[in-house]
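# A look at the structure
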Amino acid sequence: MSILTKIYFNAVFGALGGLLGWMLFGVLGEKNPNDQERVFLFFTALDFNLLLGGGIIGGAIGYFVVSVEAIRDQSLIRFARLASYGVILATIGGALGMYAGDLINTGILALCRAAGLTLDTQGLFYLLLAMIARGLGWSLLGVSIGASEGIAARSLGKFTYGMMGGALGGFIGGVLFQLFYFFASRSLTTTYLWSALGLVILGACIGSLSALVQTVFLPANVKVLRGWQEGREYPLDKTANLLGRDEHADIALFRDMKVEKKHCTIKHMGGEKYLLVNNGAPPECTLVNDKPVANQCELSDGDRIQLGGVILKFQLRAAIVKAKQKARA
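All figures in this text were calculated on a predicted structure; none of them were measured in a lab.

### Remarks on the pattern of salt bridges
Scanning the model with the defined rule gives 4 salt bridges in all. With a shortest N-O distance of 2.3 Å, glutamate 69 and arginine 232 are connected by a salt bridge. On the criterion of sequence distance, the pair formed by glutamate 69 in helix 3 (residues 48–73) and arginine 232 in the loop between strand 1 (220–226) and strand 2 (233–235) is long-range, its members being 163 residues apart. As far as burial versus exposure is concerned, glutamate 69 and arginine 232 are alike and both buried. Across the salt bridge formed by aspartate 250 and lysine 238, the nearest N and O atoms sit 3.0 Å from each other. Of this pair, aspartate 250 sits in the loop between strand 3 (240–244) and strand 4 (251–252) while lysine 238 sits in the loop between strand 2 and strand 3, placing them 12 residues apart in sequence. Each member of the salt-bridge network shares a partner with another, and the members are Lys6, Glu69 and Arg232.

This is the structure in structure tokens:
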């Protein structure tokens, strides 16, 4: 259920980001140039309207997607820090990603027209190419947003898997956007609201698939069995993951004064080896399987970690997969 909850939150906040980006670009941006102008721009100069649009859309989606964990933690300081990273990095990446993506999209469609392929001559085939071109282009936007989440968290794992999920989400979102845009234009209705729907889907796809890929591929996590955010799973996506009440902790455990600000660190030593290192907290408030830890302790799948009154369960991803496979057999 925790995996579905994470995907749900990322999808909702990604969709809100896409909607906000559409609204802001509608106010600050200009109308897109026509097809002939776009082909000319492809060969000659930068289309600054695309840079502006990509920056606004990328920044808006990044603002929500990168800070969603801080919002769930109800931490204003963490939200401000992560949202700042999300806006700045995703704005830059979104501008470059949208522009590069549009070059791909425009270039492919220009080649199709040069070969005599149009909606009138090769309707479905041309539409399919247009959808693939848009998907490939917008996957670059998704990559930039996924990467910004990893940079904000200072996590190589989240950076890698965020890029993968963002690319997949951007591709699917781009394909659906082009499909909606096509039907809106063919029915002679306004494409304005269809563009909004397309960006909402784009944000939802980037947010949800980024969360899905990270959850599936990250090697380990801890699940809260008792205490603040009970039932929530926190990924161990860094070499050293800090646990405590500190606002900058990777796994923030608020509302329990027996938990120190920088209580302990879970270190990934390679493979399936993880160590819990006590950062000077009282051993009686740092327990693994009810045994006090004064210095450090190696963790195994299913170990019960107690920090103050908070109880966590250490889970190896490989063990979870094996358990599911055994249950199916």
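### Describing the pairing of strand 6 (residues 273–278)
In terms of burial, strand 6 is a largely internal element, 5 of the 6 residues being buried. Pairing geometry for strand 5 (residues 264–270) and strand 6, over 6 bridges, is antiparallel. Residue pairing across strands places cysteine 264 opposite asparagine 278, the latter belonging to strand 6. Counted between consecutive antiparallel strands, the loop separating strand 5 from strand 6 contains 2 residues, among which glycine 271 sits at a positive phi close to 65°. Summarising the sheet, strand 6 and strand 9 (residues 296–299) pair through 4 bridges and their orientation is antiparallel. Note that in strand 9 the partner of leucine 275 across the bridge is glutamate 298.

### Some thoughts on the environment of alanine 204
Its place among the elements puts alanine 204 in helix 7 (residues 192–217). For the pair alanine 204 and glycine 170, spaced 34 residues apart in sequence, the C-alpha to C-alpha distance is 9.5 Å. Residue contacts for alanine 204: discarding those within four places in its chain leaves Ala11, Gly14 and Ala15.

### What to know about the packing of aromatic side chains
This structure, assessed with the given rule, holds 6 aromatic pairs. Judged by centre distance (5.7 Å) and plane angle (75°), the ring pair of tyrosine 8 and phenylalanine 9 falls under edge-to-face. Since its relative accessible area comes to 52%, tyrosine 8 is described here as exposed. Among the residues examined, phenylalanine 9 registers a relative accessible area of 26% and is labelled partly exposed. Aromatic rings pair up to connect Tyr8, Phe9, Phe13, Tyr63, Phe64 and Phe79 into one cluster.

### Topic: the nonpolar core
One finds Ile266, Ile305, Leu312 and Phe314 to be the most contacted residues of the largest nonpolar core, which totals 22 residues. Elements represented by at least two residues in this core include exactly strand 1, strand 5, strand 6, strand 10 (304–307) and strand 11 (310–316). Looking at this core element by element, the count peaks at 4 residues for strand 11. Setting aside chain neighbours within four positions, we find isoleucine 305 in contact with Ile266, Leu276, Leu287, Val288, Leu299, Val310, Ile311, Leu312 and Phe314. The next biggest cluster of nonpolar side chains, apart from the first, holds 18 residues, and it includes Trp22, Val65, Tyr99 and Ile206.

Calculation notes
Residues numbered from 1 in each chain as written. Predicted model: local features only at pLDDT ≥ 70, side-chain atom pairs only at ≥ 80, totals over all residues. Heavy atoms only, no water. Salt bridge = Lys/Arg side-chain N within 4 Å of Asp/Glu carboxyl O. Helix = DSSP H or I, 4+ residues; strand = E, 2+ residues; numbered from the N terminus. Buried < 20%, exposed > 50% of the residue type's maximum accessible area, 1.4 Å probe, protein only. Pairing = 2+ DSSP bridges. Contact = heavy atoms within 4.5 Å. Phe/Tyr/Trp six-rings, centres within 6.5 Å; stacked < 30°, edge-to-face > 60°. Core = buried A, V, L, I, M, F, W, Y, C linked by side-chain atoms within 4.5 Å.

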